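Fold and geometry: a report
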Amino acid sequence: MSELEDIVEHMRRFAWPDYLVFVLMLFLCIMIGVYFGFVQRKPNTESEYLMGGRTMLVFPIALSLIASFISGITLLGLPTEVYSFGIQYVYVALGVIAMGLVMGFIYLPVFHKLNITSTYEYLEIRFDKRLRMFGSVMFTIMNIGYLPIVIYVPALAFNQVTGVNIHVITPIVCVVCVFYTCVGGLKAVVWTDVVQTFSMFGALVLVAVKGTIDLGGSDVVFRSAWETGRLERPNFDINPTTRHTLWSQLIGGFVYWLQTNAVSQNMIQRYLSLPSVKAGRRALWIFVFGVCLLMALCSYCGLLIYATYQNCDPLTTKLAKAKDQLLPLFVMDILGELPGLPGLFVAGVFSAALSSLSTCLNSMSAVILEDFVKPYVKKPLSPLAINWIMRSVVVGVGALCAALVFVVEKMGTVLQLTMSLEAITNGPLLGTFTLGILIPWVESRSALTGGIVGVLFMSWLSLKAQYAVATGAITYPHKQMSVEECSYEFDRSALNATVTSSVAAEDIFPLFRVCYMWYTFLGAAVTILVSLACTLVYGRNDPKTVAPDLLAGFVRRYVYGGEGEEASGSGCNGKEVKARLNNSTGGCNHDEILKESQL
């Protein structure tokens, strides 16, 4: 065994107190599921299971939103990003704040007023069934591609600190998550998210405090970061091929977060479980603050790791075999001698994974039931049938994701491919919803054509770009690294090795070199522009045939004037709109709306 392998083995000091902390976290999740599934005797209805009866409290929902969005990929990936490239990515927080403003006043009021369960019901009400199916299929593809990564990445961390095979831990975690999601529904998911959010923050604060004390203070951390360019001002470069700039983080980040938070079923389902739009906005701003705080903690941990390893980079020496194992390596280095604390950190990482997994499973059950089953059955489903379908989806998708971990392990570029898959669906979906809410003269055929072209365009762009990155044709230089003061021996033959490509970077089509932060923006822009162009072929929709409740407030006032405000929320609302759906226009009769508003 080499000296490097000896060090790796020595750092795997996961003792019984650590296992106990980790198991207690899983046991607590199970007990929450048991409480809401068997102890709290609520009516076993679809609304109760999927939406919490639409009576959830603001603070738990806000914490659930934070936990749902922040996966183990973020907790492990963001410190490595800052360690390798500096804090330029962190300026995405400006985009997150901008997202909060736009979502709170444009998107959220529309969805909340309609009283829907699946976000994609909106696309049928506004356009037709084809658009609803388009949105649901894109959502399903994205989630099935994303969930195995959510499970696999924290399993890598667990492997780093314990040596336990990832295929031992992933089925156990999946079974726990499927159990409490299946029996407890949305309430169990939300309250386990609350526990898991505190676990995530606690783990990061623990690492930050202990690591800073060991180094001798935060001034040491910031000084080393400033001297090596990791602590840097915003980059105002307008070149879209630059990896991270203020504009890519502000504009590209705003559009990416808007899609993820404002139109994705995973997040909207939580907002719709609150009793009012006002409550939804409060939850939104707690979410924005919480996410920015969590990103700041992750970023500080990245700077802390660099200050600790600045003279002996563990990625270069292969002490950490994968980038996502850098933070776990650091944790075992500083906490390994303190029984129970490494277990607390790993529990925090798995909390992030469990929250994302349970959220997606619960949302998938809503989408499958509302979009793939209910519209195609001749008779209304019985409550028993609905309950079986919802829970079967949770079990089936959970089992599929656990099985796909084997595929993830074998495909070296799967993380890049998954990011590409996400970009393929995110932009066109945001573009389609934006057409519905902001541009009332676009009808269904134009919107569907724009969505399909957007998906095809983003498939071509993102897969080509990721292939160029994987083959080394496109590379991004890291910040200063050093191995000059390593106290152990390692293979130095790879130090001067470089990845070569038969294609020079300047010969690659410029669009393939565009920063990935612009992908969602590009997908949405192509979808909207193509849809607008198609109105020249398919014709324009009469804006007044679109129900006021389907439009953003300022668009409604422009189209209807004072009449629109009176009509909004009266007769042409939610399920009632669907009953009057006109397939050719996707709207409802304006005269009927006004007549009902006067009664």
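Below or above, wherever it landed, is the structure these notes cover. (Residues numbered from 1 in each chain as written. Predicted model: local features only at pLDDT ≥ 70, side-chain atom pairs only at ≥ 80, totals over all residues. Heavy atoms only, no water.)

Considerations on the overall build of the protein chain
Summing up its helical and strand segments, the protein chain has 24 helices and zero strands in all. Among the 599 residues that make up the protein chain, the fraction classed as buried is 58%. When contacts within the protein chain are restricted to residue pairs at least 6 apart in sequence, those whose partners lie at least 24 apart make up 85%. On the protein chain, roughly 23,700 Å² of surface is accessible, and the fraction owed to carbon and sulfur atoms is 65%. (Helix = DSSP H or I, 4+ residues; strand = E, 2+ residues; numbered from the N terminus. Buried < 20%, exposed > 50% of the residue type's maximum accessible area, 1.4 Å probe, protein only. Contact = heavy atoms within 4.5 Å. Areas by Shrake-Rupley, 256 points an atom, 1.4 Å probe, with all protein chains shown as cover.)

A closer look at the state of the cysteines
In this structure the tally under the stated criterion is one disulfide. Across the disulfide from cysteine 312 sits cysteine 486; the S-S distance is 1.9 Å. Between cysteine 312 and cysteine 486, the S-S torsion sits near 105°, and that sign places the bridge as right-handed. Linking cysteine 312 in the loop between helix H13 (277-309) and helix H14 (314-317) with cysteine 486 in the loop between helix H19 (444-470) and helix H20 (519-538), this pair joins segments that are 174 residues apart in sequence. Exposure class is identical for cysteine 312 and cysteine 486. Each is buried. (Disulfide = S-S within 2.5 Å.)

So, the pattern of salt bridges
Going through the model one piece at a time under the given rule, you end up with ten salt bridges. One salt bridge connects aspartate 549 with lysine 113, and the closest N-O pair in it is separated by 4.0 Å. Placement of aspartate 549 in the loop between H20 and helix H21 (553-560) and of lysine 113 in helix H6 (residues 92-114) is noted, with a sequence separation of 436 residues between them. Between arginine 132 and glutamate 124 there is a salt bridge, with the nearest N and O atoms lying 2.5 Å from each other. In this structure glutamate 124 comes out as buried when scored by relative accessible area, which is 6%. (Salt bridge = Lys/Arg side-chain N within 4 Å of Asp/Glu carboxyl O.)

Let's talk about the packing of H13 against helix H15 (residues 326-335)
Two numbers describe how H13 lies on H15: the axes approach to 11 Å, and their chain directions differ by 65°. Every pair of crossing elements has a handedness; the one defined by H13 and H15 is left-handed. Residues Leu304, Ile305, Thr308 and Tyr309 of H13 form the contact with H15, whose participating residues are Leu326, Leu327, Leu329, Phe330 and Asp333. Among the residues making up the contact of H13 with H15, the classes are represented as seven nonpolar, one polar and one charged. (Axes fitted to C-alpha atoms, helices over the stretch in contact; angles between N-to-C directions. Left-handed = near helix turned anticlockwise from the far one by under 90°. Nonpolar A, V, L, I, M, F, W, Y, C, P; charged D, E, K, R; others polar.)

Concerning the environment of glycine 523
Relative to the assigned elements, glycine 523 resides in helix H20. For the pair glycine 523 and asparagine 426, spaced 97 residues apart in sequence, the C-alpha separation works out to 7.4 Å.

As for H21
Where H21 is concerned, the buried positions are Gly553, Val555, Arg556, Val559 and Tyr560. The arc that holds every buried residue of H21, seen down its axis, measures 160°, which confines them to one face. Backbone geometry just downstream of H21 places glycine 561 in the positive-phi region, at approximately 70°. (Arc of directions from axis to C-beta.)

Focus on the nonpolar core
Grouped together as the largest cluster of nonpolar side chains are 186 residues, with contacts concentrated most on Met99, Met103, Tyr107, Phe111, Tyr122, Tyr271 and Phe287. With residues near it in sequence (within four places) discarded, methionine 103 still touches Leu108, Pro109, Leu258, Asn261, Ala262, Ile268, Tyr271 and Leu284. (Core = buried A, V, L, I, M, F, W, Y, C linked by side-chain atoms within 4.5 Å.)

A closer look at the packing of aromatic side chains
Taken as a whole and judged by the stated rule, the model has 14 aromatic pairs. Between phenylalanine 111 and tyrosine 122, the ring centres sit 5.7 Å apart and the planes meet at 80°, which makes this aromatic pair edge-to-face. One end of the pair, phenylalanine 111, is in helix H6; the other, tyrosine 122, is in helix H7 (residues 121-126), with eleven residues separating them in the sequence. Per residue, the accessibility class of phenylalanine 111 equals that of tyrosine 122, and both read buried. Judged by centre distance (6.3 Å) and plane angle (50°), the ring pair of tryptophan 257 and phenylalanine 287 falls under tilted. Of this pair, tryptophan 257 sits in helix H11 (residues 246-263) while phenylalanine 287 sits in helix H13, and the two are 30 residues apart along the sequence. In this structure phenylalanine 287 comes out as buried when scored by relative accessible area, which is 0%. Of the aromatic side chains, those joined through ring pairs into one cluster are Phe111, Tyr120, Tyr122, Phe139 and Phe433. Its guanidinium or amino end placed over the ring of tyrosine 83, arginine 230 lies 5.9 Å from that ring's centre, counting from NZ or CZ. Sitting over the face of the ring of tyrosine 306, arginine 230 holds its NZ or CZ atom 3.6 Å from the ring centroid. (Phe/Tyr/Trp six-rings, centres within 6.5 Å; stacked < 30°, edge-to-face > 60°. Lys NZ or Arg CZ within 6 Å of the ring centre and 35° of its normal.)

Structural notes on unusual backbone geometry
The phi dihedral of asparagine 115 is positive, around 60°, even though this residue is not glycine. Checked against the element boundaries, asparagine 115 lands in the loop between H6 and H7.

Remarks on the side chain of serine 224
Among the structural elements, serine 224 can be located in helix H10 (residues 218-227). Of the polar contacts made by the side chain of serine 224, one reaches the backbone oxygen of valine 221; its length is 3.0 Å. Among all residues touching serine 224, those that are not within four sequence positions of it are Tyr306, Ala307 and Gln310. (Polar contact = N/O pair within 3.5 Å; in protein donor to acceptor, adjacent residues only side chain to side chain.)

Brief notes about a nonpolar patch on the surface
On the surface, a nonpolar cluster with roughly 470 Å² of combined accessible area is contributed by Leu94, Ile97, Leu101, Phe105 and Trp285. Looking at which element gives the most residues to the nonpolar patch, the answer is H6, with four residues. Here isoleucine 97 is to be found in helix H6. Using a relative accessible area of 37% as the deciding quantity, one classes isoleucine 97 as partly exposed. (Patch = residues over 30% accessible without salt bridge, like charges linked within 9 Å, V, L, I, M, F, W, Y side chains within 5 Å.)

Some points on the packing of helix H4 (residues 58-69) against helix H12 (residues 265-272)
Where H4 meets H12, the axes come as close as 10 Å, and the angle between the chain directions of the two elements is 175°. Taken as axis vectors, H4 and H12 run roughly antiparallel relative to one another. Facing H4, whose interface residues are Ile61, Ser64, Leu65, Ser68 and Phe69, H12 presents Met267, Arg270 and Tyr271. Taken together, the residues that form the contact of H4 with H12 break down as five nonpolar, two polar and one charged. (Parallel < 35°, antiparallel > 145°, perpendicular 65-115°, else oblique.)

A word on the environment of methionine 31
Along the chain, methionine 31 turns up in helix H2 (residues 16-39). Overall, methionine 31 belongs to the partly exposed group, its relative accessible area being 35%. As a C-alpha pair, methionine 31 and tyrosine 180 span 149 residues in sequence and 8.0 Å in three-dimensional space.

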